[in-house]
Amino acid sequence: MNKYWWKESIVYQIYPRSFKDSNGDGIGDLRGIIEKLDYLKELGVDVLWLSPVYESPNDDNGYDISNYKGIMKEFGTIEDFDLLLAEAHNRKIKIMMDLVINHSSDEHQWFIESKKSKTNKYRDYYIWRDGKDGLPPNNWGGCFGGSAWELDPQSQMYYLHLFSKKQPDLNWENENLRKEIFSMMKWWLEKGIDGFRMDVINMIGKDQSYPDGIINGISIYADPGNLSKNHPKVHDYLQEMNKEVLSKYDIITVGEAPDVTPSQAIEFVGEDRNELNMVFEFEHMSVGDGPEGKWGETTFDLGEFKTIMSKWQSKLQGKGWNSLYLNNHDQPRMVSRFGNDNKYRIESAKMLATFLHMLTGTPYIYQGEEIGMTNVKFDSINDYKDIETLNAYKGFTESGKKSHNEIMDAIYKRGRDNARTPFQWNDKNNAGFTDGNPWIKVNPNYKYINAQAQLDDENSIFNYYKKVIRLRKKYEIIVYGDYNLILEDNKYIYSYTRKLNDEILLVICNFCENPVLFSIPKDIKYDRKELLISNYIVDIDSIDEIMLKPYEARVYLLKNKA
Ligand code: GLC
Ligand code: CA
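Residues numbered from 1 in each chain as written. Chains lettered and ligands numbered in written order. Predicted model: local features only at pLDDT ≥ 70, side-chain atom pairs only at ≥ 80, totals over all residues. Heavy atoms only, no water.

Let's talk about the coordination of the calcium ion (ligand 2)
Put simply, the rule is: Coordinating N, O and S atoms are those within 2.8 Å of the metal (3.2 Å for Na, K and Ca), and as water is not part of the atoms, a site may appear to have fewer donors than expected. Remark: exposure states derive from per-residue accessible area (1.4 Å probe, protein chains only) relative to the maximum for the residue type, with buried under 20%, exposed over 50%, and partly exposed in between.
Asp 21 (OD), Asn 23 (OD1), Asp 25 (OD), Ile 27 (O) and Asp 29 (OD) make up the full set of protein donors to the calcium ion (ligand 2), lying at 2.2 to 2.3 Å. Between consecutive donor residues of the calcium ion (ligand 2), the sequence gaps follow D-x1-N-x1-D-x1-I-x1-D. Using a relative accessible area of 3% as the deciding quantity, one classes Asp 21 as buried. The exposure class assigned to Asp 29 is buried, which follows from its relative accessible area of 3%.

Take a look at the structure:
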């Protein structure tokens, strides 16, 4: 497998609005990020992915861009951005920009023009269709609820928006649009940024006949599925983008790809495909989904999780690279979801870090994960800010499908604001995030979960992350070794090996809060072993049989005489 720096890197995701406020207006900003670069350097990450910092009316917190070359007023200026880039580069940290090009904001100049008339030069930059008998052109539903089509009263035509109606989809069929996007990407790359995270990039190609999708009975609208996801057209566009832009720079690219399967993913990331370096797949993020998707959750099943993770590890092996993540700005906090955010918060956060960072792929850390930040429970729906959460609350309560308590429980488990509460820097006012009024409430547990308390505590989650990150830099096997699942049927332990030349990396993770017995499979042979990391003090250092403690994790390097 070819070696690249982006396979050997660790990416840290910043959600700027919630990271650090530098001027007391309650909103995180670019200067706030600059203040914290030394903290990130200390952690040891290589690349920062910034969730969108472009000009935006913030219908979806920046994922609705009104000017691709301008900085959101609340976040600062383009000079602040240049300073951030220079300061990050001084510390040998790279910057990856979010790029939202499936849709723009309805306040983007292109859409304002497009709406003006059917003959406007920009009309075709968006997707306009006639309705059918007073109804939208087809039955597609938007990801945030309701129809994916909005009627424009003036022209009496509908425009497509797979997200909110303030996020009209761009028409990638239009060559001028593609050219403008590519030149905008070059503009950022010429500034010196180091890569792009591409928002819902597998949705830019659409079936041009816009047929109805299949109704699953939960909603009156259909999920467009492969009519707008992983459509063959997306590969034409990405190959063109690669040729015109990406291939000219030594950068990192990751495409967000909801509903992608491993074989579809290889079409995006296969090393002979000339498209992207890696994708964010979603299959493991849907584990435990019920019929209503994330809002109708069933219980977490380690067996299902193992099957999904292993499938992705094995199917991409030797064919294409992947990303590794357990949470981000759209998902609940990983320690609350896959670990135990109460009695074993520290142990389980460290176990999950071990589990993820020893896998094949580029690991992503979401801000606050490295200090074990947890989900939040606000008493009132009015304290929530996320458009998806608010729409779901409205939809379920108005239709009578869920009671107030039921939908609040679902929000506590899976709502996006779990990840968006301010970063907890210290135990002072507002967790040290702002001197003003934070745009969203701080999680009250900042009194004991905060970065300051962890920096000097050698047993903290933060310092454990530092060690995990350094291991990856030291041992090639962690980056390039082949993955193999062991103890497949064990319901409590997730254990796997990585193999490179005559070395074996053995990773043992107890995913439950009870002690469990681990026994090494007979076919794993070794002459010498070395414990690389563990989240408990290891007293009996034998691996034939280990009585694993709650959420215990250990990693061994096994060597054979050459
Ligand atoms: C992606 C983003 C999410 C956003 C959506 C629409 O899924 O991660 O935050 O709401 O795309 O842009
Ligand atoms: Ca601010």
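So that's the structure; there's more coming.
Some words on the environment of Asp 259
Quick reminder of the rule: Elements are defined by DSSP. Helices are runs of H or I of four residues or more, strands are runs of E of two residues or more, and each kind is numbered from the N terminus. Any pair of N or O atoms that falls within 3.5 Å is considered a polar contact. Within protein, one atom must be able to donate a hydrogen and the other to accept it, and sequence-neighbouring residues count only if both atoms are side-chain atoms.
Within the element layout of this structure, Asp 259 appears in the loop between strand E10 (252–256) and helix H8 (262–269). The exposure class assigned to Asp 259 is partly exposed, which follows from its relative accessible area of 45%. As for Asp 259 and Phe 280, which are separated by 21 residues in sequence, their C-alpha atoms are 9.9 Å apart. In terms of polar contacts, Asp 259 uses its side chain to reach the side chain of Lys 229, at 2.8 Å.

As for the domain arrangement of the chain
Heads up, the condition is: An automatic or database domain assignment supplies the residue ranges for each domain. Any two residues having at least one pair of non-hydrogen atoms within 4.5 Å are treated as being in contact. A 1.4 Å probe defines the accessible area here, and the buried area is the portion of it lost by two parts on being joined, summed over both. Counted as salt bridges are all cases of a side-chain nitrogen of Lys or Arg within 4 Å of a carboxyl oxygen of Asp or Glu. Ten residues, namely Ala, Val, Leu, Ile, Met, Phe, Trp, Tyr, Cys and Pro, are considered nonpolar, four, namely Asp, Glu, Lys and Arg, are considered charged, and the remaining ones, Gly among them, are considered polar.
Splitting the chain by domain gives domain 1 (7–99 + 339–376 + 421–474) and domain 2 (480–559). Computed from C-alpha coordinates alone, the two centres of domain 1 and domain 2 are separated by 30 Å. Listed per partner, the contact involves 19 residues of domain 1 and 22 residues of domain 2. Counting each side, the surface lost to burial between domain 1 and domain 2 is near 1,700 Å², with a carbon and sulfur contribution of 72%. Broken down residue by residue, the surface that domain 1 buries against domain 2 is led by Met 351, Phe 355 and Met 358, which jointly contribute 33%. Viewed at the interface, domain 2 and domain 1 are joined by zero salt bridges. In this assembly, domain 1 and domain 2 are joined by eight residue pairs in polar contact (both at pLDDT 80 or more). Secondary structure elements with two or more residues in the side of domain 1 that touches domain 2: helix H1 (5–8), helix H11 (345–357) and helix H15 (461–474). Looking at which element gives the most residues to the side of domain 1 that touches domain 2, the answer is H11, with seven residues. Its residues placed into classes, the side of domain 1 that touches domain 2 shows nine nonpolar, five polar and five charged.

Quick word on the pairing of strand E17 (residues 516–519)
To keep things clear, this is the line we draw: In this description, strands pair whenever DSSP reports at least two bridges between them.
Because side chains alternate across E17, one face comprises the buried residues Val 516 and Phe 518, and the other comprises Leu 517 and Ser 519, none of which is buried. Sheet topology places E17 next to strand E19 (residues 545–548); four bridges connect them, and they run antiparallel. Of the residues in E19, the one forming a bridge with Val 516 is Leu 548.

Regarding the state of the cysteines
What makes a disulfide is a covalent bond joining the sulfur atoms belonging to two cysteines. What counts here: The definition used for a disulfide is geometric: two cysteine sulfur atoms within 2.5 Å.
Here the structure, examined in full by the defined rule, presents zero disulfides. With no disulfide of its own, Cys 509 lies 12 Å from the sulfur of Cys 512, the closest cysteine sulfur. A relative accessible area of 13% places Cys 512 in the buried class.

A few points about the packing of aromatic side chains
Where we set the bar: Ring pairs are drawn from Phe, Tyr and Trp, using the six-membered ring of Trp, whenever the two centres fall within 6.5 Å, and their geometry is named by plane angle: stacked under 30 degrees, edge-to-face over 60, tilted for the rest.
Evaluation of the coordinates by the stated rule reveals 43 aromatic pairs. Here the aromatic rings of Trp 149 and Tyr 210 are separated by 5.8 Å at their centres, their planes lie at 70 degrees, and the arrangement is edge-to-face. Pair noted here: Trp 149 is in strand E7 (residues 149–152) and Tyr 210 is in the loop between strand E9 (195–198) and helix H7 (232–244), with a separation of 61 residues, a long-range link. For Trp 149, a relative accessible area of 3% corresponds to the buried category. Centroid distance Phe 355 to Phe 511: 5.4 Å. Interplanar angle 85 degrees. Geometry classified as edge-to-face. Of the two residues, Phe 355 sits in helix H11 while Phe 511 sits in the loop between strand E16 (503–510) and E17, which places them 156 residues apart along the sequence.

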